[in-house]
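# Results of the structural survey
Residues per chain are reported as follows:
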Amino acid sequence: MASQDLDRLAVLVRDRLRLRQGRQSPSRRLAGALIDLAEIGALTPGARLPSERELAQAVGLSRGTVAAALNQLCEEGRCERRHGSGTYLLDMPSVSGILHAGPVMADLSTSVVPDPSHLVLPSLDPADLMRTSSGHGYDAKGDPRLRALLGGDVLITGGAQQGIDLAARVLLRPGDRVLVEDPTYVGALTAFRRAGALAVPVDLADPDAVTAAIARHRPAFVYVVSVNNPTGAVAELSHVAELARAAEVTIVEDRTLADLVFDGPAPAPLAGGHPYGTVTVGSLSKVLWGGLRLGWLAAAEPLLARLAEVKEGSDLATSAVSQRLAAELLERNPVAAWRAELARRRDHFTAALADRLPEWSWERPAGGLSLWARLPGADTDRFATLTRRYGVAVAPGSLFSPDGRHRDRLRLSFALPPELLDQAVTGLADAWAEHD
C-alpha cells in the first residue's frame, strides 16, 4: 500500500478506535473500526488491507492484536486471506472509498457534530427510555421533561429541519415571498422552494434595506439565522424584530447555532421584540448529536397550536426514546465544554489553512461549525468535484444562495477532530495545486 494511502487509512482507523472506547478487547475494537469504515465507504470491496506489520505500526497496536482482528474478520466472512498476496476486504455495503477513485476521507461539507464522543453518557436501563408519562409514547407536543428543560411551552420536532419545514407549510402559500440573507442555510431554501415560495435576498443587517424589502415584497415572513450558516457571523438584528412587528410580518428565527458563539455573548432571541409574530426554531443536533434527530419550535398561541396540528398529521409524534435520552444528556452535558472544544478546532483548522493555502481568505467565524472561504479565481462547483479525488468533501457556495451566487466560496466544517482536519487540509492543498 502506498504510504499516503496508509497514512490516510491510519487516521481514519485511529479515529474509529477513539469512538469505540469501552469494554471490548483491542482486537474486537480494531475489527469493528474496519467494519465501520467499510460500511461508510471509506474502504471498498476488493481492497487489499495493509499487512499486519504496516497496520500495527500505523495505528499503534501490537502485531498480535492486528492479526487477531483480521482473523476475526475472516471468520465472519468479511475478509479473505490470499496466499502470498495478503488480506482482502470482501463485498460489504459502501458508497465510496479512500483507496480507490472518488474517495471521501474527510467530510467538510456537512456542518454537523461528527460523533457523540464528547458526551458524558448516562447509565440507563432500556426500560428507563421507554417509561413515558403517557404510557403509549405518543405525546403530541413532546416529552414533558424535555420540554421543561428547553423552556416549557415548546413543540418537540424531528430536528430543526422539520421545524423549518413545518413553519413553511403553515405560513407559506405558492407565490409567497420570504426575505432571507444571502448566503443562508441551504435546508431552509429547500423548504421554501418546496412550498412554492420565492426566497428574496436582503441585507438583514441594514435597517433601511429591510424596511424597503418589506414594503416592496410584503413577505409571508422573514427568515433570520441567529448565527449565520454558512459564514459563522453573528450580527445585531434586533431591528428586524422591530420592523417586522411594525409591518405585521412574521419572523422565523433559526437559533440552531445560537449556543455555539465563541466570541462574545449569544444573540438575544428576536421573540423578545416581536412576541406574537415570531416562530423560534431550535435544535439539539449541534450541541448533543444529530443522530438524536431532535429540535423544537416556540411560538405564541394559536400559531403554536397550528404548527402542532400540522406536525401531528405528518408523523403523529417524535420518538419518545430519543427524547428521554436527550433529557438525560442535557442534564449531564453543559454546552460550554463542547463550545470550547469547537473553538479549539476552529483555531487549529484556520491555522492549518493559512499555512497550506495562503491564497484563500475568510472571516474568522464567531460561531457555528463552519467557515466561509473565498478561493480567488475558482469555480467552487467544479473544485468540489476535484477535492473528492483527494479524499475531501466540501460544500460549494452556490448551494447557500437563492440565485446560485458565491461560486468562488466554500463552506468548510471545522468540527472534525484535529488529526482529520490536518489530513483534510493536505487534500485541499493537493487539489488546489491541480486546479486550473
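Going by the structure above, here's the rest.
One structure accompanies this document, and this report is about it.

This part is about the sheet that holds strand β7 (residues 221-225). Within the open sheet, the seven strands sit side by side as β4-β10-β9-β8-β7-β5-β6. Their pairing is mixed. Of all the strands in the sheet, the pair left with one neighbour each is β4 (155-157) and β6 (198-201). Between one strand and the next, the sheet's axes are offset by a mean angle of 25°, whatever the strand orientation. With two bridges joining them, strand β5 (residues 177-180) and β7 adopt parallel strand pairing. Bridge pairing links L179 to V222 in β7. In the packing of helix α11 (residues 303-315) onto the sheet, the strands contacted are β4, β9 (278-283) and β10 (295-298), and the crossing angle to β4 comes to about 35°.

With that out of the way, let us pick up the pairing of β6. In this structure, β5 lies alongside β6, joined through four bridges in parallel fashion. Within β6, the position partnered with V178 by the bridge is A199. Chirality of the crossover, the property in question, places the unit of β5, helix α8 (residues 186-194) and β6 among those that are right-handed.

This paragraph deals with the nonpolar core. Of all hydrophobic cores here, the largest spans 82 residues; its most connected members are L108, L284, F349, L353, W360, L412 and L428. A total of eight residues in this core trace back to one element, the largest contributor, which is helix α15 (residues 418-434). Residues in contact with L428, not counting those within four places in the same chain, are L108, L353, L357, W360, F383, T387, V392, V394 and L412. Listed in part, the 30 residues of the second largest apolar core include A168, V170, L297 and L303.

Let us now look at the layout of surface pockets. The space that makes up the largest pocket amounts to roughly 560 Å³. What lines the largest pocket is a set of 25 residues, and nearest its centre among them are R16, I40, D107, P114 and L416. Counting residues per element, the ones that place at least two in the lining of the largest pocket are α1 (3-19) and β3 (104-107). Of the residues belonging to the lining of the largest pocket, the class tally is 16 nonpolar, four polar and five charged.

Before going further, it helps to examine the state of the cysteines. All told, the structure shown has zero disulfides when counted by the stated rule. With no disulfide of its own, C74 lies closest to C79 among cysteine sulfurs, the gap being 5.4 Å. Overall, C74 belongs to the partly exposed group, its relative accessible area being 22%.

Rules used in this analysis
- Residues numbered from 1 in each chain as written.
- Predicted model: local features only at pLDDT ≥ 70, side-chain atom pairs only at ≥ 80, totals over all residues.
- Heavy atoms only, no water.
- Pairing = 2+ DSSP bridges.
- Helix = DSSP H or I, 4+ residues; strand = E, 2+ residues; numbered from the N terminus.
- Axes fitted to C-alpha atoms, helices over the stretch in contact; angles between N-to-C directions.
- Contact = heavy atoms within 4.5 Å.
- Right-handed = clockwise from strand over helix to strand, strands pointing away.
- Core = buried A, V, L, I, M, F, W, Y, C linked by side-chain atoms within 4.5 Å.
- Buried < 20%, exposed > 50% of the residue type's maximum accessible area, 1.4 Å probe, protein only.
- 1 Å grid on protein atoms, 1.4 Å probe; cavity = no way out; pocket = protein on both sides within 12 Å on 5 of 7 lines; lining within 4 Å.
- Points joined across faces, edges and corners; volume = space filled by probe spheres on them.
- Nonpolar A, V, L, I, M, F, W, Y, C, P; charged D, E, K, R; others polar.
- Disulfide = S-S within 2.5 Å.

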